[in-house]
Amino acid sequence: MRYWKIFLLNCQTVMTERAKSFVWFLVALIPTSVLYLYWRGALISNGGNISGWTISTISTYYLMLAILYSFIMAHIETSVAREDIQQGELTKFLVKPFSYYLLKFFAETPWRMLEGFYGIVILLLFTLFFKNLLVITADPIIFLLSLIIIILAYILSFTFKMILGLSAFWLTDARGFHQLFDAIIIISAGLLLPLSLLPDFLAQITYRLPFAYMVYFPIISLQGTQNLQQLIYIIMMQLIWISIMAYLYSVAWKKGVGKFTGIGQ
Amino acid sequence: MKRYFKIYTTLLGMNFQTLTTYRANFINSIISSILWGSMTFITIFILTTRTNNVYGWTREELLLLTAIYNIIIGAFHMVFSKNFERFSEIIHFGRLDGLLMKPVDPQFLMSFWFFNYTSLFRIIAGVVFAVLLLNSQPPSLLSLALFAVLGLVGIALMYSIWYMISTLIIKFTNLSNIIDLLYQVNGFARFPQEMFRQLNVFAFSFLLPITIVVTVPTKLLISKATFADFILFLGTSVIFFICARMFWKFSLRYYTSASG
Amino acid sequence: MSSIIQVNNLFKTYKIYKKDPGFKGSLKALVNRQYEELHAIKNISFTINQGELVGFIGPNGAGKTTTLKCLSGLLYPSSGKVSVLGYTPFERKSAFLKQISLVMGQKNQLWWDLPAVDTFLLNKEIYEISDEHYKKTLNDLVDLLDVKDVINNQVRKLSLGQRMKCELIAALLHSPKVLFLDEPTIGLDVVMQKKLRDFIKEYNNKYGSTIILTSHYMEDVRQLCKRVLVIDRGELLFDGKLQDLIKEYNRYKLITIIFEKEIKKKDISKFGEIKEFELPKAVLSVKREESSVITSKLLADFPIADLNIEDVGIEDIVRDIFLKKRK
C-alpha cells in the first residue's frame, strides 16, 4: 500500500541521518540526567524518601523519561507550520489523494522508531550494569498494557502536535504559540519531575490535562505502580483524549485549508 | 583594534535597524525571552517544593543561582547565540569562502556578526530577581565589580566551549542540530557545581567547565567563593579560549585544503 | 606592463577515500583505508599582466574554479608557486585581501532587510576605505550601473537585476586591483548577461584593474576577453589570443535536424561530417562559411520538421584540442 512505501522511504532517510538522530537523542538525555542528579542529592539529604519516591524509583522514572520522551514526543509541528503552511509546501499534499495526517504520520514514525531504538539499547545497557537502579514491572499483563498505553500516548501527542502545527493557518508567527505549549508540556507532562511531586494544587490540574497521558502515565504504568483497574482507566482516558484531539484536528483542518486555498500564503 | 571596534559598532547599528523591520518577530523574541526566563525560576521553585537543602544550597540560594544564570546566559545569547545558529548554514552553503576573503579575522566575523537585542529582557529579569534575593545581604561594591569580571570570564568560557563544538560542523556538515545540543549543555550551568561531584572523575572533569560558569560568580555574591575557585575559573577559561582558537585555525586549514 | 599574477607548476590533488558499499565495506574500511588521488590541477603555469581581462574556459569540473580559489587564497596548493600582487595568496594577509575581490555566483553579502547602502558602509569599515575614496567610488559605480534610486531601498524589495548590481558594488567599493569573477553570468537571462558583460568591459577600461573570469559560456569570453586560457581535466590546453583559438578550432557549425520521414544516412553525408545519426535526429558538422548554403539545400531537399544551427560548443572545441594534444 502507498502509505507503507512512504514509511519505508522515510526509514531509508532516517538510516542515513543516523548521526543527527543520535544528537537528538542526546538532546533528550541531558536534561533528564541532570534532573536525576538533582534528585539523588535531594533524596540523600531527605533520608532516601520524598513523598514515596526513592532513589531507585526516581532513577527509573528519569531513565524511562529519556527513553520514552524521545520516542513519544513528535516534533512535527515545526514541519507543518513552517514548511507546509508558511512556505506553501502544503499545496504538494493537497493535490495528492492521500490524507495529510496519515502522510505526516508515516513520515514521522520512522524517526521516532529510531529514537526508540536508541532508548531500548540504553535500557538494555542499564539492565545489565545498573540492575538495582531499575524498577520496572515484572508482571507480563501490566507490561503489555503499558505498551498499549505507550503507543496510544504516541498517537495522542502526534495528533496534538499536528493541531499545534495547523495554528500556522491563523498565526503569522506560530513559533511563540508552540513555545508556550512547550513550556506547559514540560511541567504538565511530567518532563520536569513526576506529577505527584508537584505542589498539590498544580498536580491536580495536570492530572486533568491531556499532557499527563502523553508521558507521565506511560512511565508510571511501566514502573508497575498502577493496578489493572487504574491501567484500564488510563487507556480509557487516552482514547477519550485522542477522540477529542481528532475532532479538533478535523475542524481545524477543514477551516484552515479553506482559508489557505482561499487566500494562499 | 580600533578598526574592529568601528566594525562592531557598525554591526550593532545594522542589527538594531533589522530589529524594527519585523515587528511580529520582535515581539515574539521578547515573549520567548520572558517565557524561558520565567520557566527557569518556576522549575527551580517546583523542584524545591519538598526539599529545602540540595548539596548545601538553600532554596533562596538556588533561586539566586537561577537569577545569575539568566544574567550570564542572557548576555551570552545577546552577543553570540544567533551567530552560532548561523554556523551550520554558513558552512553548508559555502558562505565561509566569502568570509575568508575579507581582510578581517574570520573568527571575529563568525562570532560577532549578529546581535540579539531582545535577550536584554532576560538579563533585566535576572537582575531584578537577583536584587530582590540579595536585598537582605547586599554585596559590597568590590564584590559587584569582581562579579562583573567573573561574569565576563564565564561568558568567555561558554563561548569557547560553543565555538569548539561548532567548529566540528566543518568536518561533519550534516550535524546542524549540534546547536540544540549546546543549548541543553548550557542547562548544566543552572545547577550548583557540587551536584556534579557525585559523578565519577571522568564525567565530572568533562563537565567541569560548564558547571562552573554560573556557580563561581554566584558564590562570590553570597560570599562562599574560595580563592581556589577563582584560580580554577580563570585558568579553565584561558585554556579553553586558547584551545578553541587553535582548533578553529586548524579546522580552517583543513577546510581550505580539502574543499573544492 | 608588470606581471602581477604568476603561477608556476601549480598542482592541486585531493585524496578521495574509497569505500566498498555495504556493511562489509565499512568494516574493511576501518582496517584498510583505500584512497585514490584526484588531480584537480595538473602542472599549470601562466603569467598575467596588469590590466588584462583574461578568461578561463573549460567544461564543468575542469578545474577553473579550483584555480581561481588557489589564486584568491581559498585553497592551499598541493605544490607549485602562486604569486598575486607579490603576495602568496593562501597566507591571506590583510594587505593582500584589501586589494582583491572574488565574486562567486549567487552568493550574496547584502543584508536582506536593510538598504544596500548600509552593507556598503559596513564594507567601508571592513576594507578601511577613506571617506573621500568611498564617496567617489560609490558615485562612480552607482552611475555606471544606474542604481541611484535603489541603493536606499531594502534589498528584499529589489528585483534580481538590481540586487545583482548592488552586490557588484559591494564587491568593488574597495577598488580591487585584481577581480576574480567565477561564472558571473550563470543563471541570468540574456538581457542581464549582456548588461553584466558591458559593465565588466567598462570597468576594466576605466579602472585598469586586472580581471579574471571563468565561464563555460563561450559568449562571455567572446565578448570580453582578448586572451583565454583553456583548462580541461586540470590541464592547461591553450593560453593565447582568443582570435587564434577561434580561428583554429571554431571553423565549424553544427546543424541539428529533426526529420519528418525516414531518410538514409548516405543521403546527407555529402553535406558535411555526420556527428550523430539516430532518426529522427541527425547532427551535421559543416564549415562555418558554408552553413547557410547547406541549410537552405537541406530544407529544400528533405522533409524536415525542425532545424537548428549552433556554434560548436566549447566542449567540442576543448575535446578537439585535447584529442589533438594526445596525438
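Residues numbered from 1 in each chain as written. Chains lettered and ligands numbered in written order. Predicted model: local features only at pLDDT ≥ 70, side-chain atom pairs only at ≥ 80, totals over all residues.

### A short note on the overall build of chain A
Heads up, the condition is: Only runs of H or I of at least four residues qualify as helices and only runs of E of at least two qualify as strands under DSSP, and these elements are numbered from the N terminus. We compute the radius of gyration over the C-alpha atoms and compare it with the globule rule, which gives 2.2 Å times the number of residues raised to the power 0.38. Field definition: a residue is buried when 20 or more other C-beta atoms are found within 10 Å of its C-beta, exposed when 12 or fewer are, and partly exposed for counts in between, with C-beta atoms placed from the backbone. Two residues form a contact once the distance between their C-beta atoms, set from the backbone, is within 7 Å.
In terms of helices and strands, chain A carries 11 helices and 0 strands. Secondary structure elements of chain A occur, N-terminal to C-terminal, as α-α-α-α-α-α-α-α-α-α-α. Computed over the C-alpha atoms, the radius of gyration of chain A is 19 Å, within 12% of the 18 Å expected from 2.2 N^0.38 for a compact globule of 265 residues. For chain A, the C-alpha atoms occupy an extent of roughly 65 × 40 × 30 Å along the three principal directions. Counting only residues that meet the buried cut, chain A has 38% of its 265 residues in that class. Residue pairs at least 24 apart in sequence account for 80% of intrachain contacts in chain A once pairs closer than 6 positions are excluded.

### Description of the overall build of chain B
Per the secondary structure count, chain B includes 10 helices and 2 strands. In sequence order, the secondary structure elements of chain B are arranged as α-α-β-β-α-α-α-α-α-α-α-α. Principal axes of the C-alpha set define a box for chain B whose edges measure 60 × 45 × 35 Å. For chain B, the residues scored as buried account for 36% of the 260 residues in total. For chain B, contacts bridging at least 24 residues in sequence account for 79% of all contacts bridging at least 6.

### Regarding the nonpolar core
So the rule is basically this: Structurally, a nonpolar core is described as a collection of buried Ala, Val, Leu, Ile, Met, Phe, Trp, Tyr and Cys residues joined by way of C-beta atoms within 7 Å.
Counting residues in each nonpolar core, the largest one holds 133 residues, and the members touching the most others are Leu65, Leu68, Ile72, Ala153 and Val215 of chain A together with Ile72 of chain B. Looking at this core element by element, the count peaks at 17 residues for helix 3 (residues 59-92) of chain B. When residues no more than four places from it in sequence are discounted, the contact partners of Leu65 of chain A are Thr32, Leu191, Val215 and Ile219 of chain A. Grouped together as the second largest cluster of nonpolar side chains are 75 residues, Met101 of chain B together with Val103, Leu173 and Val221 of chain C included.

### Regarding the sheet that holds strand 10 (residues 252-259) of chain C
Residue and element names in this part refer to chain C. Cut-off, in case you're wondering: By definition, two strands form a pair when at least two bridges between them are found by DSSP. Where helices are involved, their axes are fitted lines through C-alpha atoms of the stretch in contact, as for all axes, and angles between N-to-C directions lie from 0 to 180°.
One open sheet accounts for 4 strands, arranged 11-12-10-13; its pairing is antiparallel. The sheet is open, and its two borders are formed by strand 11 (273-278) and strand 13 (304-311), each paired with just one other strand. Averaged over all neighbouring strand pairs, the angle between strand axes comes to 15 degrees, with direction disregarded. Two elements, strand 10 and strand 12 (residues 281-287), share 7 bridges in a ladder whose sense is antiparallel. If you follow Ile255 over to strand 12, its bridge partner there is Leu284.

### Things to note about the pairing of strand 9 (residues 235-241) of chain C
Residue and element names in this part refer to chain C. With 6 bridges joining them, strand 8 (residues 227-232) and strand 9 adopt antiparallel strand pairing. From the neighbouring strand, Asp232 faces strand 9, where its bridge partner is Glu235. Here strand 8 hands over to strand 9 after 2 residues, with Arg233 in that stretch at a positive phi of 50 degrees.

### Describing the sheet that holds strand 5 (residues 100-104) of chain C
Residues and elements named next belong to chain C. Reading across the sheet, the 6 strands line up as 5-6-7-3-8-9 and stay open at both edges, with mixed pairing between neighbours. Edge positions in the open sheet fall to strand 5 and strand 9, since each of these has one partner strand only. Taking the axes of each pair of neighbouring strands and ignoring which way they run, one obtains an average angle of 15 degrees across the sheet. Where strand 3 (residues 53-57) lies against strand 8, 4 bridges are found, and the strand directions are parallel. Bridging from a neighbouring strand, Phe56 pairs with Leu229 of strand 8.

### Description of the interface of chain B and chain C
The following threshold applies: Only Asp, Glu, Lys and Arg are considered charged in this grouping, and only Ala, Val, Leu, Ile, Met, Phe, Trp, Tyr, Cys and Pro are considered nonpolar; every other residue, Gly among them, is considered polar.
Tallying the contact residues gives 20 residues for chain B and 24 residues for chain C. Listed by contribution, the elements that provide at least two residues to the side of chain B that touches chain C are helix 1 (2-21), helix 4 (96-100) and helix 10 (227-258) of chain B. A per-element tally of the side of chain B that touches chain C places helix 1 of chain B first, with 8 residues. Along the lines of polarity and charge, the residues of the side of chain B that touches chain C split into 6 nonpolar, 9 polar and 5 charged.

### Brief notes about the interface of chain B and chain A
Of the residues lining the interface, 31 residues belong to chain B; the matching set on chain A comes to 31 residues. Broken down by secondary-structure element, the contributors of at least two residues to the side of chain B that touches chain A are helix 2 (23-47), strand 1 (53-54) and helix 8 (178-186) of chain B. Per-element tally for the side of chain B that touches chain A: the top contributor is helix 2 of chain B, with 10 residues. Residue composition of the side of chain B that touches chain A, grouped by class: 17 nonpolar, 12 polar and 2 charged.

### Topic: the confidence of the model for chain B
Our working definition: Confidence scores here are pLDDT values: one per residue, from the predictor, ranging 0 to 100.
The share of residues in chain B with pLDDT of 70 or more is 99%, and the mean pLDDT across the chain is 88. Among the prediction metrics, the complex's ipTM stands at 0.87, with pTM recorded as 0.82.

### As for the pairing of strand 3 of chain C
All names here are of chain C. The buried count for strand 3 comes to 5 of 5 residues, which makes it a mostly enclosed element. Burial of the side chains of strand 3 extends over both faces: Leu53, Gly55 and Ile57 are buried on one face and Val54 and Phe56 on the other. Relative to strand 7 (residues 210-215), strand 3 is paired through 5 bridges, and the arrangement is parallel. Note on strand 7: the bridge partner recorded for Ile57 is Ser215.

### With respect to the environment of Ile6 of chain A
All names here are of chain A. Within the secondary structure, Ile6 sits in helix 1 (residues 2-16). C-beta crowding within 10 Å serves as the criterion here: with 19 such atoms nearby, Ile6 is assigned to the partly exposed category. For the pair Ile6 and Ser250, spaced 244 residues apart in sequence, the C-alpha separation works out to 22 Å. Residues contacting Ile6, with those up to four places away along its chain left out, are Leu103, Phe106 and Ala107.

### Some points on helix 7 (residues 190-207) of chain C
Residue and element names in this part refer to chain C. Selection rule: Under the convention used throughout, the expected extent of a helix is 1.5 Å for every residue step, that is, one less than its residue count. Picture the helix axis, draw a direction to every C-beta atom, and the arc is the one those directions span.
The first and last C-alpha atoms of helix 7 sit 26 Å apart over 18 residues, in line with the 26 Å expected at 1.5 Å per residue. For helix 7, the complete set of buried residues consists of Leu196, Ile200 and Tyr203. Looking straight down helix 7, one finds its buried side chains confined to an arc of 65 degrees; they lie on one side. In this structure, helix 7 carries Val190, Val191, Glu202, Asn205 and Lys206 as exposed residues pointing more than 90 degrees from its buried face. Each element contacted by the buried residues of helix 7 is listed here: strand 7 and helix 8 (218-224). Gly208 sits one or two residues past helix 7 and shows a positive phi near 65 degrees.

### Here we look at helix 5 (residues 131-145) of chain C
All names here are of chain C. Between its terminal C-alpha atoms helix 5 stretches 21 Å, which fits the 21 Å expected from 15 residues at 1.5 Å a residue. For helix 5, the set of buried residues is Leu141, Val142 and Leu145. Projection of helix 5 onto a plane perpendicular to its axis shows the buried side chains occupying an angular sector of 100 degrees, all on one side. Of the residues in helix 5, the exposed ones pointing more than 90 degrees away from the buried face are Glu132, Lys135, Lys136, Asn139 and Asp143. Here the buried face of helix 5 lies against helix 6 (160-172) and helix 7. Directly beyond the C-terminal end of helix 5, a positive phi value near 60 degrees is found at Asp146.

### Things to note about the packing of helix 8 (residues 174-188) of chain A against helix 2 of chain B
The condition is simple: Roughly parallel covers angles under 35 degrees, roughly antiparallel covers those over 145, roughly perpendicular covers 65 to 115, and oblique covers all other angles.
Running from amino to carboxyl end, helix 8 of chain A crosses helix 2 of chain B at an angle of 5 degrees, the nearest separation of the two axes being 10 Å. Comparing their axes, helix 2 of chain B and helix 8 of chain A come out roughly parallel. Counted together, Arg175, Gly176, Gln179, Leu180 and Ala183 of chain A of helix 8 of chain A and Asn28, Ile31, Ser32, Leu35 and Met39 of chain B of helix 2 of chain B form the full contact between these two elements. In terms of residue class, the contact of helix 8 of chain A with helix 2 of chain B is made up of 5 nonpolar, 4 polar and 1 charged.

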